[in-house]
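Structural characterization, general
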Amino acid sequence: MLSLYVHIPFCRTRCSYCDFYLVTRQDLVDPFFEALLAETRARLSLLKGRSVKAIHFGGGTPSLLPVRHLVRWLELASTYCSFTPDVEITLEANPEDLAGGRMFELHAAGINRLSIGVQSFIQRKLAALGRSHTREDALRAVRAAGDLFQSVSVDLICAVPCETRDEWASDLRDATALQLPHLSVYMLSVEPKTRLHRKVSRGEVTVPDEDIQATLYEDALGNLAGHGYRHYEVSNFSVEGHHSRYNLACWMREPYIGFGPSAHSFIREGGVEIRQANVSVLSRYIADPQNAVTFYEELSEKERFLEQVFLTLRINSGLDIGFLRKGNKLGHYMTEKIEELTARGWVLDEGGQLFLTSKGFLFADHIAGELVSD
Ligand code: SF4
């Protein structure tokens, strides 16, 4: 079973904290879509006869674009491969793009899951993040989406400059009151070369320190568990049956094919596992979409092992300690290492399966690194 990802690299403006590859020139939208169709045709051999269970339009801001483009791409893809009857088709959207009849158009195009970039319901936080929408835009969009789409997810960000526990509690209260089936909670990260980074460097704003970040994260875990959400990945929470199929497929190392600039793919062919990435510069992508792949790597046994450890911990599905010992140079130090991580309150050993604790989720990648260190 296959999943597909389409990267839409356009945004109206750049948010203060964002370091993704994107462009704000809307005159490139049409040439981009022609290139996307050309790339998809060139990948026919990877798609032909395959069954697709999830499609994810990510970005950037996919909701910014004319729906007719999404329709054309879906039509083309569906002639090459078959979509399962319950295929999940997700579109990442910003609240300000969902007014008027836009949601109905997206729904009619086949989108059945919206992932809405709300980030906060608090005007002060939205301004600090450089978001274009208001609290009212967000509430209106999320309520209307809930009435129309099979599944809706909202992204929230915590630890923005000067954020208090009360503000975060207010955001969680607003989000849970909407009774959404899925929530993603991200910790604000100050990335180099962003407006936020410049402000922090100049001392104009300060971001909450690690202890406060940990408190906010644990507040989210407690609050969302109390509202019936299952914590199924470091940043993701869902009610039964509403996890992101596309994201979970990626974390479970199932194959997916990515289209568009900077999109990644994971392919399995006759026992060989391949990771690929497309060129990340839009002008180069448009100039030669048939040859978009600029990175290609066949994974070694060691790389497969490392990926399995890192990803299994992220989704907390139980990391088999026997598997961990295999191909791991820690050898008999493994027992000591697990005892040390258990004493720190980061992991639990349940019948030979290692699970992260609530606190451990905060350090998932660090823990994985310790478990595989040479
Ligand atoms: S909408 Fe998303 S992708 Fe676009 S600039 Fe803001 S954070 Fe980045």
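What counts, and at which threshold
- Residues numbered from 1 in each chain as written.
- Predicted model: local features only at pLDDT ≥ 70, side-chain atom pairs only at ≥ 80, totals over all residues.
- Heavy atoms only, no water.
- Helix = DSSP H or I, 4+ residues; strand = E, 2+ residues; numbered from the N terminus.
- Rg over C-alpha atoms; globule rule 2.2 N^0.38 Å.
- Contact = heavy atoms within 4.5 Å.
- Areas by Shrake-Rupley, 256 points an atom, 1.4 Å probe, with all protein chains shown as cover.
- Lys, Arg positive; Asp, Glu negative; His and termini not counted.
- Charge placed at Lys NZ, Arg CZ, Asp CG, Glu CD.
- Salt bridge = Lys/Arg side-chain N within 4 Å of Asp/Glu carboxyl O.
- Buried < 20%, exposed > 50% of the residue type's maximum accessible area, 1.4 Å probe, protein only.
- Near = heavy atom within 4 Å.
- Nonpolar A, V, L, I, M, F, W, Y, C, P; charged D, E, K, R; others polar.
- Pairing = 2+ DSSP bridges.
- Phe/Tyr/Trp six-rings, centres within 6.5 Å; stacked < 30°, edge-to-face > 60°.
- Lys NZ or Arg CZ within 6 Å of the ring centre and 35° of its normal.
- Domains from an automatic or database assignment.
- Buried area = accessible area lost by both parts, 1.4 Å probe.
- Polar contact = N/O pair within 3.5 Å; in protein donor to acceptor, adjacent residues only side chain to side chain.

1. Section: the overall build of the protein
Across its full length, the protein holds 16 helices and 15 strands. Taken against the 2.2 N^0.38 rule, which gives 21 Å for 374 residues, the C-alpha radius of gyration of the protein at 21 Å falls within 12% of a compact globule. If you line up the protein on its principal axes, its C-alpha atoms span 55 × 55 × 45 Å. Pairs at least 24 residues apart make up 69% of the contacts formed inside the protein by residues separated by at least 6 positions. Carbon together with sulfur atoms contributes 52% to the accessible area of the protein, which is approximately 16,500 Å² in total. The average position of the 40 basic charges and that of the 48 acidic charges among the side chains of the protein differ by 4 Å.

2. A short note on the pattern of salt bridges
Taken as a whole and judged by the stated rule, the model has 25 salt bridges. Where Lys 53 meets Glu 254, a salt bridge forms, and the shortest distance between an N and an O atom there is 2.8 Å. Here Lys 53, found in strand 2 (residues 51-59), pairs with Glu 254, found in the loop between helix 10 (245-251) and strand 9 (256-259); they are 201 residues apart in sequence, far enough to count as distant. A salt bridge links Asp 86 to Arg 245, with the nearest nitrogen and oxygen atoms 2.9 Å apart. Taken together, the residues Asp 86 in strand 3 (residues 82-93) and Arg 245 in helix 10 connect sequence positions 159 residues apart. Classification of Asp 86 by relative accessible area gives partly exposed; the value is 43%. Relative accessible area serves as the criterion here: at 24%, Arg 245 is assigned to the partly exposed category. Each of Arg 253, Arg 268, Glu 273, Arg 275, Arg 304 and Glu 307 takes part in one network of salt bridges that share partners.

3. So, the site of the ligand
The environment of the ligand is made up of Cys 11, Thr 13, Arg 14, Cys 15, Tyr 17, Cys 18, Phe 20, Leu 22, Gly 60, Thr 61, Asn 94 and Arg 131. Looking at the shell around the ligand residue by residue, the class counts come to six nonpolar, four polar and two charged.

4. Some remarks on the pairing of strand 7 (residues 230-233)
Bridging between strand 7 and strand 8 (residues 236-238) involves three bridges; their strand directions are antiparallel. In the strand pairing of strand 8, His 231 is matched with Phe 237. Linking strand 7 to strand 8, which pair antiparallel, is a turn of two residues.

5. Things to note about the packing of aromatic side chains
The relation between two aromatic rings is expressed through the spacing of the ring centres and the mutual angle of the planes. Applying the stated criterion across every chain, the model contains eleven aromatic pairs. Arranged with centres 5.5 Å apart and planes meeting at 70 degrees, the rings of Phe 10 and Phe 32 form a pair that is edge-to-face. Taken together, the residues Phe 10 in the loop between strand 1 (2-8) and helix 1 (29-42) and Phe 32 in helix 1 connect sequence positions 22 residues apart. Classification of Phe 10 as buried rests on a relative accessible area of 0%. An aromatic cluster is built from Tyr 5, Tyr 246, Tyr 256 and Phe 266, whose rings are joined through pairwise contacts. Looking at Arg 43, its charged tip hangs above the ring of Phe 259, at a distance of 5.6 Å from the centre.

6. Comments concerning the domain arrangement of the protein
According to the domain assignment, the protein consists of domain 1 (2-250) and domain 2 (304-371). Taken residue by residue, the interface counts eleven residues in domain 1 and eight residues in domain 2. Around 800 Å² of area is buried between domain 1 and domain 2 when both sides are counted, 68% of it from carbon and sulfur atoms. Counting across the domain 1 and domain 2 interface gives one salt bridge. Measuring nitrogen to oxygen at the nearest pair gives 2.8 Å for the salt bridge that ties Arg 314 to Glu 233. Remark: the boundary between domain 1 and domain 2 carries two residue pairs in polar contact (both at pLDDT 80 or more). Elements that contribute at least two residues to the side of domain 1 that touches domain 2 include exactly helix 9 (210-226), strand 7 and helix 10.

7. With respect to unusual backbone geometry
Of note, the bond from Gly 59 into Gly 60 is cis; its omega dihedral lies within 30 degrees of zero at 20 degrees. Tracing the chain through its elements places Gly 60 in the loop between strand 2 and helix 3 (67-80). Phi at Gln 179 takes a positive value of approximately 50 degrees, unusual for a residue other than glycine. In this structure, Gln 179 sits in the loop between helix 7 (165-177) and strand 6 (182-187). Accessibility expressed as a relative area gives 70% for Gln 179, which makes it exposed. Positive phi values are uncommon outside glycine, yet Ser 262 reaches one of about 70 degrees. Its relative accessible area of 22% is what places Ser 262 among the partly exposed residues.

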